[in-house]
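Summary of the model geometry
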Amino acid sequence: ILRQDASDDVTITGLAGGEAGRIVLFENIATADKITLAEDNASSTAANRILIGKPNLVLYPGQSVMLVYDATASRWRAFGVAPTPKPDTSQNTTSGTSVDFLKIPAGVNEIVIAFSNVSLDGTDDLLVQVGSVGGVETSGYVSSSDLNGTVISSTAGFLVNRSAADQTVAGTMRLTRATGNVWVASHAVRIGGSPTLAAYGGGRISMAGELDRVRITRSGTDTFNGGSVNIIVHP
């Protein structure tokens, strides 16, 4: 059993000591930080590299994976399915103007954003923006959202249509990697208020770099005054 701690998010590209049939249970025992096992990464000696079958395997605190050494391939192989993705820490949207989720591991292919009765003190729409090491991208989006037959669009982010200060947003937005750094979005949410409505829509962006952050903000100058938001990342 290899119990690995971490004081920050780290990437591991290989393990020494491989021999035919050796089995290692690799466990992340950190309290908050993620460990990423990289797929066949050239940063390690060939015989120490790990074959996962996808770009990366992310281990959240408390998660583990079985590694078996394949002497024929001279590689470690991840055995069985990847650990179940864990949500990032939920954040309140009871004040302020934006919420950021940072340190999203490279190589993820899907991110689910969960809105739990998120509200603003005015009539602004919700806006979801993505970013890379260069910062949050605030332009280049093709995004639309339909609220009760009224469609609005934005180039500043992935839009969720709402039209009144008393309206809350509950539901999900799904971000999916289409190819490379191109991401598409879709959402279906309940708009609470009087009357209760539903909003749905989608969008696309071609990013400048690898996605590593998500921001939830608003389309204008309103302030958050209720609810919470969370994300779940899928390798």
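No experiment lies behind these values; they were computed from the predicted model shown. (Residues numbered from 1 in each chain as written. Predicted model: local features only at pLDDT ≥ 70, side-chain atom pairs only at ≥ 80, totals over all residues. Heavy atoms only, no water.)

So, the sheet that holds strand β8 (residues 75–79)
Condition: Paired strands are those between which DSSP finds at least two bridges. A helix here means a DSSP run of H or I that spans at least four residues, while a strand means a run of E at least two residues long, and both kinds are numbered starting from the N terminus.
The strand order across the open sheet formed by five strands is β1-β3-β7-β8-β5, and the pairing between neighbours is mixed. Every other strand in the sheet has two partners, leaving β1 (2–4) and β5 (50–51) as the edge strands with one partner each. The sheet contact formed by strand β3 (residues 23–28) and strand β7 (residues 64–70) spans five bridges and is antiparallel. Paired with I23 across the strands is V68, a residue of β7.

A word on the pattern of salt bridges
What counts, and what does not: The salt bridge definition used is simple: a Lys or Arg side-chain nitrogen within 4 Å of an Asp or Glu carboxyl oxygen. Under the scheme applied here, a residue whose accessible area is under 20% of the maximum for its type counts as buried, over 50% as exposed, and between as partly exposed, the area being computed with a 1.4 Å probe on protein chains only.
Overall, the coordinates contain 10 salt bridges when judged by the stated rule. A salt bridge links D212 to R213; the shortest N-O distance between them is 2.8 Å. Judged by relative accessible area, which is 19%, D212 ranks as buried. Overlapping salt bridges, with partners in common, bring together D40, R49 and R75 in one network.

Regarding the environment of G122
To keep it simple, the criterion reads: By definition, residues are in contact when any of their heavy atoms lie within 4.5 Å.
Mapped onto the elements of the fold, G122 is located in the loop between β11 (110–120) and β12 (126–132). What makes G122 buried here is its relative accessible area of 10%. For the pair G122 and I52, spaced 70 residues apart in the sequence, the C-alpha separation amounts to 47 Å. The contact partners of G122, leaving out residues within four places of it in the chain, are R162, A164, A165 and D222.

Quick notes on the nonpolar core
In plain terms, the rule: Throughout this description, the term nonpolar core refers to a set of buried Ala, Val, Leu, Ile, Met, Phe, Trp, Tyr and Cys residues connected via side-chain atoms within 4.5 Å.
By size, the foremost hydrophobic cluster in this structure holds 36 residues, and its most contacted members are I111, I113, F115, M173, L175, V214 and I216. Take this core: its biggest share by element is five residues, from β11. Each residue touching I113, except ones within four places of it in the same chain, is listed here: V128, G171, T172, M173, L175, V214, I216, V229, N230 and I231. In terms of nonpolar packing, the next biggest core, distinct from the first, is built from 16 residues, A6, A30, L37 and Y69 among them.

Regarding a nonpolar patch on the surface
Condition: Only residues above 30% relative accessible area that lack a salt bridge enter a patch, with like-charged residues linked at up to 9 Å and the nonpolar side chains Val, Leu, Ile, Met, Phe, Trp and Tyr linked at up to 5 Å. Surface accessibility follows the Shrake-Rupley procedure with a 1.4 Å probe radius. Residue values consider only the protein chains on display as shielding.
A grouping of I23, M66 and F79 is seen on the molecular surface, where their side chains present a nonpolar patch of about 320 Å² in accessible area. Its place among the elements puts I23 in strand β3. Among the residues examined, I23 registers a relative accessible area of 55% and is labelled exposed.

Focus: the sheet that holds strand β2 (residues 10–12)
Within a beta sheet, neighbouring strands are joined by backbone hydrogen bonds and run either parallel or antiparallel to one another. This is how it is decided: Note on geometry: axes are C-alpha line fits, over the in-contact stretch for helices, and angles between N-to-C directions span 0 to 180 degrees.
Strand order across the open sheet formed by three strands is β2-β4-β6, with mixed pairing between neighbours. Looking at which strands have only one partner, the edges of the open sheet turn out to be β2 and β6 (56–59). Taking each pair of neighbouring strands and ignoring which way they run, the sheet shows an average axis angle of 25°. Where strand β4 (residues 35–38) meets β6, four bridges bridge the pair, whose relative direction is antiparallel. Bridge assignment links I35 to a residue of β6, and that residue is L59.

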